[in-house]
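Architecture and fold: a report
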Amino acid sequence: MNKQEKLKLLKESGVVAVVRRPPYEKAVHITDALVAGGVKALEITVDSDRAFELIASLNERYGEKVLVGAGTVLDVETAEKAIEAGAQFIFSPILDEETIETTIRHDVISIPGVMTPTEIVKGYRLGADLLKIFPGSSLGVNYIKELSAPLGHIPMMPTGGVTLDNVAEFVRAGAVAVGLGSSLLDKKAMEEERYIDITKRAEQFILAIHQARE
């Protein structure tokens, strides 16, 4: 797939699952459970155990069915390592111009973190494919809604604080997708290896997003 096709897949799914520091021996079981629930984009945070190795192995495992990317990327060096491992998108909590430029140069999806309207427009002008509105929990649904009036042409994706109770509101407010961490991946379910619960949770989020779009 080319980058535009990958972007389409990510937006259609509507979810990027933030997989942060999973126990390495359980990581594949966790991601399999997410994929079984309909998730098409997996973010492996670079502070995870053997993160780059995991990105490479998951890419091989899922092929073109699922996008595997790197998260919590703060600089060019980390972005380069992630892309070398096969990351198909770079997810950042900050707006770093050099990281965006590096991601574009490698024809990889760029998703920098932004907060203000000025940062959003700057990131978009630099060539970012999606703008991660972060932290979503602090900014809230109304913030996305208000941004969508003057900046509706810019694809925005709230991350942090998105739950089953408010995900539909975020989508109706203008979010093209959402980033989901602890609200999707329950720590206790992972520890107790209740992978079916993770799958069911993913299905609930996907259904809520699709219904909100209708």
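Residues numbered from 1 in each chain as written. Predicted model: local features only at pLDDT ≥ 70, side-chain atom pairs only at ≥ 80, totals over all residues. Heavy atoms only, no water.

As a reminder of what qualifies: UniProt positions are given in the numbering used here, feature names are shortened, and annotations may be inferred rather than shown by experiment.
The name an unreviewed UniProt entry assigns to the protein is 2-keto-3-deoxy-phosphogluconate aldolase, from the organism Fontibacillus phaseoli. The UniProt entry for the protein carries this comment under Subunit (unreviewed entry): "Homotrimer."

As for the overall build of the protein
The criterion, for reference: To qualify as a helix, a DSSP run of H or I must reach at least 4 residues; to qualify as a strand, a run of E must reach at least 2; elements of each kind are numbered from the N terminus. The size measure is the radius of gyration over C-alpha atoms, and the globule rule it meets is 2.2 Å times the number of residues to the 0.38 power. A simple rule labels every residue: compare its accessible area, found with a 1.4 Å probe on the protein chains alone, to the largest value its type can have, and call it buried under 20%, exposed over 50%, or partly exposed in between. Any two residues having at least one pair of non-hydrogen atoms within 4.5 Å are treated as being in contact. In these tables, accessible area is a Shrake-Rupley quantity obtained with a 1.4 Å probe, and a residue counts as shielded only by the protein chains included in the view. The convention is simple: Lys and Arg are positive, Asp and Glu are negative, and His and the chain ends are not counted. To locate a charge, the coordinates of NZ of Lys, CZ of Arg, CG of Asp or CD of Glu are taken.
Within the protein, the regular secondary structure consists of 10 helices and nine strands. A globule of 214 residues ought to have a C-alpha radius of gyration of about 17 Å, and the protein, at 16 Å, matches this closely. By principal-axis analysis of the C-alpha atoms, the protein measures approximately 45 × 35 × 30 Å. The proportion of buried residues among the 214 residues of the protein is 51%. A separation threshold of at least 6 residues defines the contact pool for the protein, and within that pool the share at least 24 residues apart is 61%. Accessible surface, the protein as shown: approximately 9,700 Å² in total, 49% of it carbon and sulfur. A distance of 4 Å separates the average location of the 24 positive side-chain charges in the protein from that of its 31 negative side-chain charges.

Points about the side chain of Thr 45
As for its placement among the helices and strands, Thr 45 is situated in strand β2 (residues 41-45). A residue is classified by how much of its surface remains accessible, and Thr 45, at 0% relative accessible area, is buried. Those residues in contact with Thr 45 that lie beyond four places of it in its chain are Val 18, Val 19, Arg 20, Arg 21, Ala 51, Gly 71 and Thr 72.

What about unusual backbone geometry?
Peptide bonds are trans in most cases, and residues, glycine excluded, mostly fall at negative phi. Of note, the amide linkage connecting Phe 134 to Pro 135 takes the cis form, showing an omega dihedral of 0 degrees. Note on placement: Pro 135 falls in the loop between β7 (131-133) and α7 (136-151). Here the phi dihedral of Thr 72 falls at roughly 60 degrees; this positive angle occurs in a residue that is not glycine. For Thr 72, the position within the fold is in the loop between β3 (67-71) and α4 (76-84).

A short note on the nonpolar core
Rules: In these notes, a set of buried Ala, Val, Leu, Ile, Met, Phe, Trp, Tyr and Cys residues joined through side-chain atoms within 4.5 Å is what counts as a nonpolar core.
Leu 34, Ile 120 and Leu 184 are the most contacted members of the largest nonpolar core, which totals 60 residues. Here the element with the most residues in this core is helix α10 (residues 195-213); it accounts for eight residues. Setting aside chain neighbours within four positions, we find Leu 184 in contact with Val 15, Ala 17, Leu 34, Arg 201, Ala 202 and Phe 205. Counting residues in hydrophobic clusters, the runner-up holds 13 residues, among them Leu 9, Leu 10, Phe 89 and Met 157.

Some details on the pattern of salt bridges
Put simply, the rule is: Any carboxyl oxygen of Asp or Glu within 4 Å of a side-chain nitrogen of Lys or Arg constitutes a salt bridge here.
Evaluated as defined, the whole model comprises 10 salt bridges. For Lys 26, the salt bridge is made with Glu 193, and the minimal N-O distance between the two is 3.8 Å. Highlighted residues: Lys 26 in helix α2 (residues 24-36) and Glu 193 in the loop between α9 (187-191) and α10, separated in sequence by 167 residues. Its salt-bridge partner being Glu 80, residue Arg 105 comes within 3.1 Å of it at the nearest N-O pair.

Quick notes on helix α5 (residues 97-105)
Along an α-helix, residues three or four positions apart point the same way, because every turn accommodates 3.6 residues. The line we're drawing: The arc refers to the directions leading from the helix axis to the C-beta atoms.
When α5 is considered as a whole, its buried residues turn out to be Thr 99, Ile 100, Thr 102 and Thr 103. Taken around the axis of α5, the buried residues stretch over an arc of 160 degrees, which confines them to a single face. Summarising the geometry of α5, the exposed residues directed more than 90 degrees from the buried face are Glu 98 and Arg 105. Contacts made by the buried residues of α5 are with α4, β4 (89-91), β5 (109-111) and α6 (117-126). Directly beyond the C-terminal end of α5, a positive phi value near 60 degrees is found at Asp 107.

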